[in-house]
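Here's the letter readout for the chains.
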Amino acid sequence: MVTVAPPDTWSYVLRLPHDPRAARVARMTVRAALNGHGMSEVLDVAELLTSELVTNAYRYTKGPASLRLTALGDGRLRVGLWDSNPHIPAPFNKPPGDRVPPALADAEGGRGLLLVQEYASSWGGRPLGDELLGRGAGKLLWFEVGGNGML
């Protein structure tokens with residue numbers, strides 16, 4: 001009898017319409033994928049941070065978004081989100097060692113992305129150039145969790 005072990009590297013992509021329910025769909029997808037691959041140790045953090053990214057994509061763009069979950073091996077997960085706005089927000093515009101100051105107490109926003117610097121082991125972002133379509137193609141934000149005893 002041959003036993004097949006699931007690979008420790010895999011990837012899922014989810015296209016999200018510009019819809020207020022997109023964050024919920026993304027959370028459900030993250031939960032299903034991570035439970036299915038036995039990555040429950042990073043589930044809560046990945047779900048929270050994914051929800052923040054997808055919510056901001058809905059709030060600050062007029063177009064669709066695309067979510068990619070990638071298991072990198074050794075218990076690490078990378079979550080990437082593409083959207084149509086080329087602006088790279090803090091903390092994604094700074095190296096993981098640089099800290100972004102907390103939002104003011106009376107500010108209406110600015111707290112969600114600070115969760116990334118608290119709970120992700122690494123993160124980044126980059127605008128996507130206009131060489132393909134002759135216009136700005138948005139941005140890609142990503143974060144990693146898990147592996148080496150990290151969240």
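Higher on the page you've got the structure.
Residues numbered from 1 in each chain as written. Predicted model: local features only at pLDDT ≥ 70, side-chain atom pairs only at ≥ 80, totals over all residues. Heavy atoms only, no water.

Visitor: Could you give an account of helix α1 (residues 22-36), naming the residues involved and the relevant values?
Guide: What sets the pattern is the α-helix's 3.6 residues per turn: residues three or four places apart point alike. A rise of 1.5 Å per residue sets the reference length of α1, with its 15 residues, at 21 Å; its end C-alpha atoms lie 21 Å apart and thus fit the reference within 8%. Burial in α1 covers these residues: Ala22, Ala23, Ala26, Val30, Ala33 and Leu34. Down the axis of α1, the buried set is contained in an arc of 95 degrees. They therefore lie on one face. The exposed residues of α1 that point more than 90 degrees off its buried face are Arg24, Ala32 and Gly36. Tucked inside the fold, the buried residues of α1 contact β1 (9-16), α2 (43-60), β2 (65-73) and β3 (76-83). (Helix = DSSP H or I, 4+ residues; strand = E, 2+ residues; numbered from the N terminus. Expected span 1.5 Å × (residues − 1). Buried < 20%, exposed > 50% of the residue type's maximum accessible area, 1.4 Å probe, protein only. Arc of directions from axis to C-beta. Contact = heavy atoms within 4.5 Å.)

Visitor: Tell me about the pairing of strand β5 (residues 139-145), and please be specific about residues and values.
Guide: Burial runs high along β5: 6 of the 7 residues are buried. Bridge count for strand β4 (residues 122-127) against β5 is 6 bridges, and the pairing is antiparallel. The residue of β5 that forms the bridge with Gly124 is Trp142. (Pairing = 2+ DSSP bridges.)

Visitor: For unusual backbone geometry, give the residues involved together with the corresponding values.
Guide: That bond from Ala90 to Pro91 is cis: its omega, 5 degrees, falls within 30 degrees of zero. Tracing the backbone shows Pro91 in the loop between β3 and α3 (114-119). One non-glycine residue, Asp74, lies in positive phi territory at about 55 degrees.

Visitor: Give a detailed account of the sheet that holds β2, specifying residues and quantitative values.
Guide: Taking strand neighbours across the sheet as the criterion, the 5 strands line up as β1-β2-β3-β5-β4 in an open arrangement whose pairing is antiparallel. Because the sheet does not close on itself, it has two edges, and the strands there are β1 and β4. Averaged over all pairs of adjacent strands, the angle between their axes in this sheet comes to 15 degrees, without regard to strand direction. (Axes fitted to C-alpha atoms, helices over the stretch in contact; angles between N-to-C directions.)

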